[in-house]
Amino acid sequence: MNLKSFLAMSMLVTAGCSSYQPKEYRSYDEYPVYEGKWEEMVYSPAATRFALWAPTAQEVRVLLYDEGQGGSAVRMIPMEVGESGMWNISVEGDLKGKFYTFNAKINDVWQGDTPGVMAKAVGVNGDRAAVIDLASTNPEGWENDVRPPLKSFSDIVIYEMHHRDFSIDTVAGIRNRGKFLALTEEGTHTYLGEKTGIDHLKELGITHVHLLPSFDFSSVDETKPDVPQYNWGYDPKNYNVPEGSYATDPYRPDVRIREFKQMVMALHRAGIRVIMDVVYNHTATTEGGNFERTVPGYFYRQDKDGKFANASGCGNETASERAMVRKYMVESVTYWAKEYHVDGFRFDLMGIHDIETMNAIRKALNDIDPTIYMYGEGWAASAPQLPDDRLAMKANTYKMPGIAAFSDEFRDSLRGAWGDDSKGAFVIGRLGHANGIKFGLAGGIRHAQVTNDTLGHALVSWALAPSQFISYVSCHDDLCITDRLKTTLPGASVQELEALLKLAETAVLTSQGVPFIFAGDEVMRDKQGVGNSYNSPDEINAIDWHNKTSHRGVFDYVKGLIALRKAHPAFRMGDADLIREHLEFLETPASNVVAFRLKGSPCNDSWINTTVVLNARTEPVKISVPAGKYWVACRDGKVDLITGLGMIVGNQLQVAPRSALIVHQ
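Residues numbered from 1 in each chain as written. Predicted model: local features only at pLDDT ≥ 70, side-chain atom pairs only at ≥ 80, totals over all residues. Heavy atoms only, no water.

S.K.: Would you mind going over helix 6 (residues 355-368) with me for this structure?
M.R.: Every α-helix carries 3.6 residues per turn, so stepping three or four residues along brings you back to the same face. In this model, helix 6 (14 residues) spans 20 Å end to end at C-alpha, consistent with the 20 Å of a helix rising 1.5 Å per residue. Those residues of helix 6 lying buried are Ile355, Thr357, Met358, Ile361, Arg362, Ala364 and Leu365. Buried positions along helix 6 lie against helix 5 (323-339), strand 17 (344-347) and strand 18 (373-376). The opening residue of helix 6, the one whose side-chain oxygen lies 3.3 Å from the backbone nitrogen of glutamate 356, is aspartate 354. (Helix = DSSP H or I, 4+ residues; strand = E, 2+ residues; numbered from the N terminus. Expected span 1.5 Å × (residues − 1). Buried < 20%, exposed > 50% of the residue type's maximum accessible area, 1.4 Å probe, protein only. Contact = heavy atoms within 4.5 Å. Polar contact = N/O pair within 3.5 Å; in protein donor to acceptor, adjacent residues only side chain to side chain.)

S.K.: Is there a simple way to think about the environment of methionine 524 in this case?
M.R.: With respect to the helices and strands, the residue methionine 524 is situated in the loop between strand 21 (514-518) and helix 11 (538-541). The exposure class assigned to methionine 524 is buried, which follows from its relative accessible area of 5%. The spacing of methionine 524 and tyrosine 280 is 244 residues in sequence and 32 Å in space, taken between C-alpha atoms. Setting aside its immediate chain neighbours within four residues, methionine 524 contacts Thr482, Leu497, Glu498, Leu501, Asn547, His551 and Val554.

S.K.: Help me out: how do you make sense of the packing of aromatic side chains in this one?
M.R.: Pairs of aromatic rings are described using the distance from one ring centre to the other and the angle between the two planes. Scanning the entire structure with this criterion turns up 43 aromatic pairs. Seen from their ring centres, phenylalanine 406 and tyrosine 472 are 5.1 Å apart, and the 70° between their planes marks the pair as edge-to-face. Of this pair, phenylalanine 406 sits in strand 19 (residues 404-406) while tyrosine 472 sits in the loop between strand 20 (469-471) and helix 9 (481-488), placing them 66 residues apart in sequence. For the pair shown, phenylalanine 406 and tyrosine 472 are each scored as buried. Taking NZ or CZ as reference, lysine 120 lies 4.1 Å from the ring centre of tyrosine 335, over its face. Sitting above the plane of the phenylalanine 555 ring, lysine 548 keeps its charged end 4.4 Å from the centroid. (Phe/Tyr/Trp six-rings, centres within 6.5 Å; stacked < 30°, edge-to-face > 60°. Lys NZ or Arg CZ within 6 Å of the ring centre and 35° of its normal.)

S.K.: I would appreciate a short explanation of the confidence of the model for the protein in the present structure.
M.R.: Chain-level statistics for the protein give a pLDDT mean of 95 and a share of 96% at 70 or above. In this model residues 1-22 is a low-confidence stretch, pLDDT under 50, and it forms 50 contacts with partners more than four residues away in sequence or in other chains. (pLDDT = per-residue confidence, 0-100.)

S.K.: Just checking my understanding: could you explain the pairing of strand 8 (residues 86-92) for this structure?
M.R.: The two faces of the sheet receive side chains in turn, since in a regular strand these alternate between them. Sheet analysis places strand 4 (residues 47-53) next to strand 8, joined by seven bridges and oriented antiparallel. Of the residues in strand 8, the one forming a bridge with arginine 49 is serine 90. Summarising the sheet, strand 7 (residues 80-81) and strand 8 pair through two bridges and their orientation is antiparallel. Across the sheet, glutamate 80 pairs through a bridge with asparagine 88, a residue of strand 8. (Pairing = 2+ DSSP bridges.)

S.K.: Whenever I open this one, the environment of isoleucine 106 confuses me. Can you help?
M.R.: With respect to the element layout, isoleucine 106 can be found in strand 9 (residues 99-106). Residue isoleucine 106 is classed as buried on the basis of its relative accessible area, which comes to 5%. As for isoleucine 106 and threonine 294, which are separated by 188 residues in sequence, their C-alpha atoms are 8.8 Å apart. In this view, isoleucine 106 contacts Thr56, Ala57, Gln58, Gln111, Arg293, Thr294 and Pro296; residues no more than four positions away in its chain are not counted.

S.K.: Where do I start with the side chain of asparagine 396 in this structure?
M.R.: Structurally, the position occupied by asparagine 396 is in the loop between strand 18 and strand 19. Not counting the four nearest positions on each side in its chain, asparagine 396 is found in contact with Ile355, Asp388, Asp389 and Leu391.

S.K.: Any chance you could explain the nonpolar core here in plain terms?
M.R.: A general trend in soluble globular proteins is that nonpolar side chains are found buried together. Counting residues in each nonpolar core, the largest one holds 171 residues, and the members touching the most others are Phe50, Trp53, Leu201, Phe345 and Phe347. Broken down by element, this core gets its largest block of residues, nine residues, from helix 5. (Core = buried A, V, L, I, M, F, W, Y, C linked by side-chain atoms within 4.5 Å.)

S.K.: Looking at this structure, I do not really get the sheet that holds strand 8. What am I missing?
M.R.: The strands making up a sheet are joined through hydrogen bonds of the backbone, oriented either antiparallel or parallel. With antiparallel pairing, four strands are arranged side by side in an open sheet as 3-4-8-7. Looking along the sheet, the strands with just one partner apiece sit at the ends: strand 3 (41-43) and strand 7.

S.K.: What is the right way to read the pattern of salt bridges from this model?
M.R.: If the charged atoms of two oppositely charged side chains come close together, the side chains can form a pair. Counted by the stated rule, this structure contains 45 salt bridges. Aspartate 538 serves as the salt-bridge partner of arginine 164, at 2.8 Å between the closest nitrogen and oxygen. You can see arginine 164 sitting in helix 2 (residues 163-167) and its partner aspartate 538 sitting in helix 11, a full 374 residues away along the chain. Residue classification places aspartate 538 among the buried residues on the basis of a relative accessible area of 19%. For aspartate 254, the salt bridge goes to arginine 252, with nearest N and O atoms at 3.1 Å. Among the residues examined, aspartate 254 registers a relative accessible area of 16% and is labelled buried. Classification of arginine 252 as partly exposed rests on a relative accessible area of 44%. Salt bridges here are not isolated pairs; linked through shared partners, they connect Arg411, Asp412, Arg415, Asp421, Asp478 and Arg484. (Salt bridge = Lys/Arg side-chain N within 4 Å of Asp/Glu carboxyl O.)

S.K.: Looking at this structure, how should I read the sheet that holds strand 21?
M.R.: Strand order in the closed barrel formed by eight strands is 12-13-16-17-18-19-20-21, with parallel pairing between adjacent strands. Shown here is a sheet whose adjacent strand axes are inclined to one another by a mean of 30°, direction ignored. Looking at chain direction, strand 12 (residues 158-161) and strand 13 (residues 208-211) are connected through four bridges and run parallel. Its bridge partner lying in strand 13, isoleucine 158 is registered against histidine 208. Here helix 6 sits on the sheet and contacts strand 17 and strand 18; the angle it forms with strand 18, its principal contact strand, is near 160°. (Axes fitted to C-alpha atoms, helices over the stretch in contact; angles between N-to-C directions.)

See below:
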């Protein structure tokens, strides 16, 4: 938005009056703030109330349609301006099943149709909003749906999944492939009997499923369900509506809503909580988009030249610090938490948002349920238009209690830096990364034994609590760990790759931070070397469920580590002081070996003096420990919590090459 447009006249109209008095807004801070609940459509059989916040509009119309796409408006109704820039009209009669759009006249120009910015139901491709009775979308038993128990954020184990990746492979035996309903089907399996779908998740033992964007996004044409189309979904269109391409019928507004709720309910019944990936930092389009056609300029930041700023790298960055944008984000997140029973939110490029807004969202979620989890990417694609000390960057996590951030330090120390796929790190035996591993194992808190690594990388603690620290080695973005290992260790055998992946996941799942697993890593999933696979075909992105058979040992190992973590609270103490008291790093023969001991029995763990050694070398190593008798829970790529894997007596632990050892007294 240029400076001339920014100083545009605002037309203030009193209800029932055909003339207006112009008002000049000198800054966005002067725009009126609507204090009521932000609802653009409220249905009843007797009448439907429409509302649109458009404080710079001269006129606003609501247009009614019989269909969600095509055809002409059957009615066009002028709206009346109310308080704080909110336009309103109540239309008598039962409009259920109708579709609608708004059109605002600003600076004597009609901006064009939009479903509004707060649409809760839409037709195919999201161009028109729908008049709907939300209560009628609740599946049977919805009123009895409850969140699975969660005592502490440190108890969480996250599994990041794309709907289509997880269920599109025909080998999975899933009927509703690539749909919300895929996660409601029980008893699915491969022809060899390996569990898939929701049964796979239960077998693995994760606590939370992180769903890649599941709101209505722009890049998939919902009118062509039989044409293979793929996108991660980081191109928001309607923030408060489920994506139609994941529904069995995108033309009927109620179907996508009901099926999303069915999915949540099925996961809850399986003991699994649901996290939504939310993308409030940018929109798919700027000019001609819902926000710009409603309140030009207001929802986006501008640079010093008056152009749209672009810290997202996607053409714009939203202005979370402005009162009505902050209100929008708070109401949108809480809507998903209340209407859809969503249990957590992952914020894309969280560093673009301001700290005050993120804390306001945390407070609003606490009022609903303080066990709802929040985390995000503590960075931006480029410098946002706010000072660093106001932004929800990773370095400012200490200013955001109850909000976590991804640790790229731990990730890069394990597998190599982002942006250079050719360089590996600790897992493949490279020297100099040990302190980065220690940083991650301690959950990013201040710890006396964690210092900068020998390569000169700064390791500044930024988490006040380990639950603010997301421990991971791969995610949807960039190469998954299998591809990264193949790239950084060319010529490695399948057995070597399996051993290295197990080593990496041991670090993640014994970290005091919150562990995060990319879907399919537990079965050696690869994307054929494609990192930015946001629009790659299924041949690249789909999980090949044959892998669960061919790499069953990897699956069993990761499953065993999750069970170990859940059974032993020493690995998830959840308190920085307890970690500093009980977590002690041991001396090792080289910086491609890391060892630590959890002294005593922290958090009343049944194990005493649990010791973990991560050996990334190609030869065995010996670690000195206090003399005693040690029971082995993990050795040589196997985990056994039932009968154990033997006993070690003495003051030395010998660890096989490229493997982890976990023992306890």
